[in-house]
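Architecture and fold: a report
What follows is each chain in one-letter form.
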Amino acid sequence: MSQQVAIQAEHIVKNYGDFRAVDDLTFEVYAGEVFAMLGPNGSGKTTTMRMILDILKPDAGRIAVLGGPLNDAAKDRIGYLPEERGLYRNVRVLEMMVYLATLKGVPRAEAERRSLAILERLELSEYARKKVNELSKGMQQKIQFAVTVLHQPDLIIVDEPFSGLDPVNTLALKDLLMEFRAGGGTVVMSTHQMWQVEEMCDRLLMIHRGRQQLYGPVDDIRKRYALHAIIVEGQGDWAKLPGVQRVELTENGRRRALLHLQDAATPDEVLAAITAAPDMTIERFELAVPSLNDIFIRVVEEHR
Amino acid sequence: MSRHMWQVFLYELKRNVRRKGFLFATFGIPLIGYALFFGYQFITNLNDRGAPSSPALEILQSSQFQGITKAGYVDLSGHFADPGDLSRLLIPYADEASAQAALQAGSIDVYYVIAPDFLETGDVALYMPQFTLTKATDWPIRQLVLRRLASGLDRDTYARLLNPVQLREINLQRDATGATETNFDADFAIVYVFALALMLSVFITNGYLMQTVIEEKETRLIEVLISGMRPTHLLAGKILALGLLGLAQIVVWVAAILLLARLAAGSAAPALAVLANFALPPTTLIVLLLYFVFGYLFFAAAYGIVSAVSSSMQEGPQLAVIFTLPAVIPLYFLPVFISAPDGPLAVALSLIPVTAPLSMVMRVSLIAVPAWQIVLSLALLAVIDGFLIWLAGRVFRVGTLLAGKTPKLRDLPKLVRG
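Residues numbered from 1 in each chain as written. Chains lettered and ligands numbered in written order. Predicted model: local features only at pLDDT ≥ 70, side-chain atom pairs only at ≥ 80, totals over all residues. Heavy atoms only, no water.

Moving on, we come to the overall build of chain A. What chain A contains, in helices and strands, is 10 helices and 13 strands. Reported as C-alpha extents along the three principal axes, the dimensions of chain A are approximately 70 × 45 × 35 Å. Counting all 304 residues of chain A, 53% fall into the buried class. Counting contacts in chain A only where the partners sit at least 6 residues apart, residues at least 24 apart contribute 66% of the total. Within the structure as shown, chain A displays about 14200 Å² of accessible surface, and the carbon and sulfur contribution to it stands at 48%. Treating the 37 positive side-chain charges of chain A as one cloud and the 43 negative ones as another, the clouds have centres 5 Å apart. (Helix = DSSP H or I, 4+ residues; strand = E, 2+ residues; numbered from the N terminus. Buried < 20%, exposed > 50% of the residue type's maximum accessible area, 1.4 Å probe, protein only. Contact = heavy atoms within 4.5 Å. Areas by Shrake-Rupley, 256 points an atom, 1.4 Å probe, with all protein chains shown as cover. Lys, Arg positive; Asp, Glu negative; His and termini not counted. Charge placed at Lys NZ, Arg CZ, Asp CG, Glu CD.)

Turning our attention to the environment of Phe 296 of chain A. All names here are of chain A. Position of Phe 296 among the secondary structure elements: in helix α10 (residues 292-302). In sequence terms Phe 296 and Glu 28 are 268 residues apart; their C-alpha atoms lie 21 Å from each other. Among residues more than four places away in sequence, those in contact with Phe 296 are Leu 38, Gly 39, Pro 40, Met 194 and Met 206.

For the rest of this paragraph, the subject is the environment of Ile 214 of chain B. Residue and element names in this part refer to chain B. Tracing the chain through its elements places Ile 214 in helix α8 (residues 184-218). Relative accessible area serves as the criterion here: at 1%, Ile 214 is assigned to the buried category. Note: C-alpha distance between Ile 214 and Val 74 (140 residues apart in sequence) is 72 Å.

Taken as a whole, this structure holds 12 aromatic pairs over all chains when the rule is applied. For the ring pair Tyr 99 of chain A and Tyr 11 of chain B, a centre distance of 3.6 Å and an interplane angle of 10° mean the geometry is stacked. With Tyr 99 of chain A in helix α3 (residues 93-103) and Tyr 11 of chain B in helix α1 (residues 3-17), this pair bridges two chains. Across this residue pair, the class does not change: Tyr 99 of chain A and Tyr 11 of chain B are buried. Each residue in the set Phe 27, Phe 35 and Tyr 215 of chain A is aromatic and connected to the rest through ring pairs, giving one cluster. Across the ring face of Tyr 208 of chain B, the terminal group of Arg 19 of chain B is positioned such that the distance to the ring centre comes to 4.3 Å. The residue whose ring lies beneath Arg 142 of chain B is Trp 139 of chain B, and the NZ or CZ to ring-centre distance is 5.9 Å. (Phe/Tyr/Trp six-rings, centres within 6.5 Å; stacked < 30°, edge-to-face > 60°. Lys NZ or Arg CZ within 6 Å of the ring centre and 35° of its normal.)

What follows deals with the nonpolar core. The nonpolar side chains of a soluble globular protein tend to be buried with one another. Residues Ile 7, Phe 27 and Leu 204 of chain A are the most contacted members of the largest nonpolar core, which totals 160 residues. Counting residues per element, this core draws most heavily on helix α12 (residues 282-309) of chain B, which supplies 15 residues. Filtering out sequence-adjacent residues up to four positions away, Phe 27 of chain A remains in contact with Ile 7, Gln 8, Ala 9, Phe 35, Met 37, Thr 48, Ile 52, Leu 205 and Tyr 215 of chain A. (Core = buried A, V, L, I, M, F, W, Y, C linked by side-chain atoms within 4.5 Å.)

This paragraph deals with the sheet that holds strand β4 (residues 124-127) of chain B. Residue and element names in this part refer to chain B. A sheet is described by the order of its strands in space; here four strands give the open sequence β2-β1-β3-β4, paired in mixed fashion. Whereas interior strands pair on both sides, the edge strands pair on one side only; in this sheet they are β2 (90-93) and β4. Across this sheet, the average inter-strand angle for adjacent strands is 25°, counted without regard to direction. Pairing of strand β1 (residues 71-75) with strand β3 (residues 110-114), which is carried by five bridges, proceeds in the parallel orientation. When the bridges of β3 are listed, Tyr 73 appears paired with Tyr 112. Packed onto the sheet, helix α4 (residues 96-105) meets β1, β2, β3 and β4 and runs at close to 165° relative to β3. Set on the sheet, helix α6 (residues 139-149) makes contact with β1, β2, β3 and β4; between it and β3 the angle comes to about 40°. (Pairing = 2+ DSSP bridges. Axes fitted to C-alpha atoms, helices over the stretch in contact; angles between N-to-C directions.)

Just geometry here; none of it tells us what the structure is for.
Now the structure itself:
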């Protein structure tokens, strides 16, 4: 692989007593990409993240982060946002941010400058000297994310970064995340919101019961689960078209239809046939690629 | 010291020194102590100024007497017919019937009946309208009897009869020259104050240690912190910061006590007058310091373990009792320590690590403890400290991640293995 690798996990295993939380996972995260970790609750995502961060040691397997086993210097180049999160309640926002940034090796004055700048970006300047417990949950969450990137890490690992946020704050956070990525940073994130994965992530790893279920580029996976079918909207007798095996009317028989194709037929041929037919009009034509949400549910159902 | 440990140390120092609870304990407790002391002295002075000079009346004004303003008595023995200068208080009646009538009329609060064979038996009956604790006293009749039996004695002899001996104890064990007087009350006070100061400070600062760890667990901030540093560095930075605060607290308290002792030098309060002569020898001070440090580390590691495995601020202190309860055992044996500071119990308790800090502090403030005992006790304590700190580091790593559930006893070996 020509791409630089930020994280390399090989056959990692973690047991909690008799329970195997992570079972022989192998994957790579490339530098500069947004990598999604998906899976139902309790599937082993957080345990995997903790092993990458060296908070937990794998029982078997090997993990290399930023070019080798995680050492103290490399830890300063990582940012982590855990799932259920909080801050010291009785401490002022700016003080809290500066402390956490200096722990990552940022000089004090610089940490303060960066904190104030990011607070302004997040429209939270006026709260810099307020105590954390005077802030709303959404505000606290934005500050926690700010802390994650304050030391300008090369890699951030964010566990459910958008959970509990309203749409406006979600957008603000997403902008920060994409900005971080545009600056060359690598993002590993877990989420339950599949449309965000489709929108933001390059590749994904889906885990169920500690085992790998899906792994690879998001588009490839969607295509792999694609039906040999097309979705059309418009007027006409779809069943007459050459290459169409069967018509499935969706959405209570309204104008939208799912056309299952014969093995030899291609979508291009069908499109050409539609445009050539004088009694047919078309308003929408697309490949029947399922959403990640559908794939997610299907994979989980299959392994139930 | 690693960079992270140093940063945690500085931050926790800054954060905890501003705690209202810490500031109150460190400065408020001595201030309250001063206020109580000077308030007490002021009131005592006021009372002294208004006090009558006659010893008899002083006794009459004794607080034990306040329940009765007027008492009657029937003397069947024939020795105490005349109340003398007690007539304002004690009214003689010829028989029980007239005394009872006076009681019912409300002109007296109670009446006594002195038995015919009083001189042989000392029998006196007290009649009161209903049982009242403050009225159930023999003081009026005791004054009458003492005055009658001691009539003809001079004032000094009378005073000696009432309080025959003023004992002064010279403890040769404490000071071989015999130059140091000891006074049970003063010794008791000094030992108690030092032991209490040590334990209070250790418990207060380690309580904060537990609070900060549990807060980090509850908010999951601990994961952010230990994703960037070793858990042992985090714990060590906290322990050092709070230890320093504890030490500062003890220094403030001891300074306050010594200052109070100097202020009390001219005072009439006897316990404090002794305190004024009390000076800590430098070697004792060093021993106190060493026991603070090693004792603090013992409880810091213990609290570290407890906070790593507890899931809430309600649960932590309950589990900590496992360590704190045995630690204060020496306080229950305080009288034994004072009467036999070199006895087998005191020596044993000062060697067992969990009770050593308190026991040894009590002993060294009373006697010159043999050096080998101090060395052995400190060595044992240091070994246990080392073990507990190691254990805390292990448990901390895994225990801190177990949010919301407390591990069972059988899970502990697993926690240690990480």
